[in-house]
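# Remarks on the overall topology
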Amino acid sequence: MSSQSLDLEQIRTFLNRTEQQPIAFVTSGGTSVPLEKNTVRFIDNFSTGQRGAASAEYFLRHNYLVLFFHRTKSTLPYQRHMKTIFEQTNSNYNLDEFHKYKSSLLLIPFQTVHDYLNGLEQICSILKSFQRNVLIYACAAVSDYFIPTDELTEHKIPSGQNELLIRLKPVPKLLGSVKNSYAPQAFLVSFKLETDEQILETKCLQSADKYHQDIIIGNILHTRTNQVRIFERNQQQWTIVNRFENREIEHDIIEYLADKHRLYRNNDNSF
């Protein structure tokens, strides 16, 4: 099983340039679930990281330092605007933006769900000292089930069997640990994706009650690029954000969150 190791000193150096500038820790893309330690087969999901990459760009526009914790080969900020040789585009504006903000962006890759879980804890432990200055934007599509490392077979699962039975266990839910111990004063934003509109709000409320996120962004699979529902836990308040014509919905999501985070950083009583 390949594993991504973090350069923690690089992260500390990147963050220690600031005293007052807000920090956004953005997680993005899906996680793979290895079926062997020497991985040939794995389970994956459809996430491309498009929302996380777009959101990172808008955080940079709001003067955030951005730690972009992303799935290897998923969509990256600014790179997402670059088309293939079969497409024509005028990307000069996005290139200019990249050069303007690149010193405020640190790319940190992960591959497997194991990498993600370990990395989340390690990065949050560094962010802990920055207290309310940190906004954690948990946008990654984390696998719900996996095989723990100590239960993985060493080598490739033999082929040619009549059937293959795999026993998966729930992936540890670390959102609660973020607010309880990893970075308890950070402003925590998470996402809830559902395919049934009738249960979305219920799931968001249950998650807020269990994991104590400051904000949960609920979205339906087939309308997620056009509408989201934002739930503020302390205010017990819902806000619907719709996409405006010729503007990505992430523009308005990040504008909303940056304003809420500013209040939180200033110890506003509403938080």
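Up top you'll find the structure we're talking about.
Read on for an overview of the structure. (Residues numbered from 1 in each chain as written. Predicted model: local features only at pLDDT ≥ 70, side-chain atom pairs only at ≥ 80, totals over all residues. Heavy atoms only, no water.)

### Looking at the overall build of the protein
Along its length, the protein carries 7 helices and 12 strands. Radius of gyration (C-alpha) of the protein: 19 Å, near the 18 Å computed for a compact globule of 271 residues. Considering only C-alpha atoms, the protein reaches an extent of 60 × 50 × 40 Å along its principal axes. In the protein, 74% of the contacts between residues at least 6 apart in sequence involve partners at least 24 apart. (Helix = DSSP H or I, 4+ residues; strand = E, 2+ residues; numbered from the N terminus. Rg over C-alpha atoms; globule rule 2.2 N^0.38 Å. Contact = heavy atoms within 4.5 Å.)

### A closer look at the side chain of S207
By secondary structure assignment, the location of S207 is in helix α6 (residues 197–211). A relative accessible area of 9% places S207 in the buried class. Setting aside residues no more than four positions away along its own chain, S207 makes contact with K192, H212, Q213 and I216. (Buried < 20%, exposed > 50% of the residue type's maximum accessible area, 1.4 Å probe, protein only.)

### Considering α6
With 15 residues, α6 should cover 21 Å at 1.5 Å per step; its first-to-last C-alpha distance of 22 Å lies within 8% of that length. Those residues of α6 not exposed but buried are L200, C204, S207, A208 and Y211. Each buried residue of α6 lies within a common arc of 100 degrees when the element is viewed along its axis, so the set occupies one face. Exposed side chains of α6 directed beyond 90 degrees from the buried face belong to Q198, D209 and K210. Against α5 (175–182), β9 (187–194), β10 (215–220), β11 (227–232) and β12 (237–242) lie the buried residues of α6. Where α6 begins, the capping side chain belongs to D196, and its oxygen is found 2.9 Å from the backbone nitrogen of Q198. Just beyond α6, the residue with positive phi is H212, at close to 65 degrees. (Expected span 1.5 Å × (residues − 1). Arc of directions from axis to C-beta. Polar contact = N/O pair within 3.5 Å; in protein donor to acceptor, adjacent residues only side chain to side chain.)

### So, unusual backbone geometry
Positive phi, normally seen in glycine, also occurs at N63, with a value near 70 degrees. Relative to the helices and strands, N63 is located in the loop between α2 (50–61) and β4 (65–71). For N63, a relative accessible area of 49% puts it in the partly exposed group. In this model, Q236 sits at a positive phi of 50 degrees, which is unusual for a non-glycine residue. Mapped onto the fold, Q236 is located in the loop between β11 and β12.

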